[in-house]
Amino acid sequence: MRYAQGGGLTAERRAFREQVRLEAAARFEAGEKTSAIARDLRVGERSVERWRRSWREGGNEALRSSGPANVPKLSAAQFVELEEELGKGPAAHGFEDQRWTLARVQAVIGRRFRTRLSIATV
């Protein structure tokens, strides 16, 4: 599943999903069937089977959230600085006209922060 803004789940949503997995763990201990757990928690049986496998191997800790899927390449302070730089316009950065393109933004990020980002990331 892809998420348009932010690249992943919010902290609240991750916590909710973790709680569902931990509820499933309590039911694993009680010996309940996969189909019943999936139906009651409104998830797929394959997910419950995957959780059960992880639970057998690592207990409840294996079902805890591991945090965000990825971390932004630029810090919040760098984003602020980038906004300021982009606000100066393309000509201030040596470009011929006043059009910002992804490639140009990529070049500014590379020069300013010594970080290489793909066009898709930009």
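The structure contained in this document is the topic of the report that follows. None of these values were measured; they are calculated from a predicted model.

Turning our eyes to something else, we now look at the packing of helix α2 (residues 34–41) against helix α3 (residues 45–58). In contact at an axis separation of 9 Å, α2 and α3 are set at 115° when each is read in the N-to-C sense. For the pair α2 and α3, the crossing hand works out as right-handed. Across from Thr34, Ser35, Ile37 and Ala38 in α2, the residues of α3 making contact are Glu45, Val48, Glu49 and Arg52. For the contact of α2 with α3, a count of residues per class yields three nonpolar, two polar and three charged.

The next subject is the packing of aromatic side chains. In the structure shown here, the tally under the stated rule is two aromatic pairs. With centroids separated by 5.4 Å and ring planes inclined at 55°, the aromatic side chains of Phe28 and Trp55 adopt a geometry described as tilted. Here Phe28 is found in helix α1 (residues 11–29), whereas its partner Trp55 is found in helix α3, with 27 residues between them in sequence. Here the aromatic rings of Phe95 and Trp100 are separated by 6.2 Å at their centres, their planes lie at 70°, and the arrangement is edge-to-face.

Let us look at the nonpolar core. The tendency in soluble globular proteins is for nonpolar side chains to be buried as a group. Listed in full, the twelve residues of the largest apolar core are Val20, Leu22, Ala24, Ala25, Phe28, Ile37, Ala38, Leu41, Val48, Trp51, Trp55 and Leu63. Elements with a contribution of two residues or more to this core: α1, α2 and α3. The greatest single-element share of this core, amounting to five residues, is contributed by α1. Setting aside residues up to four positions removed in sequence, Val20 forms contacts with Leu41, Val43 and Trp51.

A word on the side chain of Thr34. Looking at the secondary structure, you find Thr34 in helix α2. If we ignore the near neighbours within four places in the chain, the residues touching Thr34 are Glu45, Val48, Glu49 and Arg52.

With that settled, the discussion passes to the environment of Glu12. Looking at where Glu12 falls in the secondary structure, it is placed in helix α1. Considered as a pair, Glu12 and Arg46 are 34 residues apart in the sequence and their alpha carbons are 24 Å apart.

The end-to-end C-alpha distance of α3 is 20 Å, a good match for the 20 Å that 14 residues give at a rise of 1.5 Å each. Of all the positions in α3, only Ser47, Val48, Trp51, Arg52 and Trp55 are classed as buried. Projected onto a plane normal to the axis of α3, the buried residues spread over an arc of 135° and lie on a single side. With respect to the buried face of α3, the exposed residues turned more than 90 degrees away are Arg46, Arg56 and Glu57. At the exit of α3 stands Gly59, carrying a positive phi of roughly 70°.

Conventions used here
Residues numbered from 1 in each chain as written. Predicted model: local features only at pLDDT ≥ 70, side-chain atom pairs only at ≥ 80, totals over all residues. Heavy atoms only, no water. Axes fitted to C-alpha atoms, helices over the stretch in contact; angles between N-to-C directions. Helix = DSSP H or I, 4+ residues; strand = E, 2+ residues; numbered from the N terminus. Left-handed = near helix turned anticlockwise from the far one by under 90°. Contact = heavy atoms within 4.5 Å. Nonpolar A, V, L, I, M, F, W, Y, C, P; charged D, E, K, R; others polar. Phe/Tyr/Trp six-rings, centres within 6.5 Å; stacked < 30°, edge-to-face > 60°. Core = buried A, V, L, I, M, F, W, Y, C linked by side-chain atoms within 4.5 Å. Buried < 20%, exposed > 50% of the residue type's maximum accessible area, 1.4 Å probe, protein only. Expected span 1.5 Å × (residues − 1). Arc of directions from axis to C-beta.

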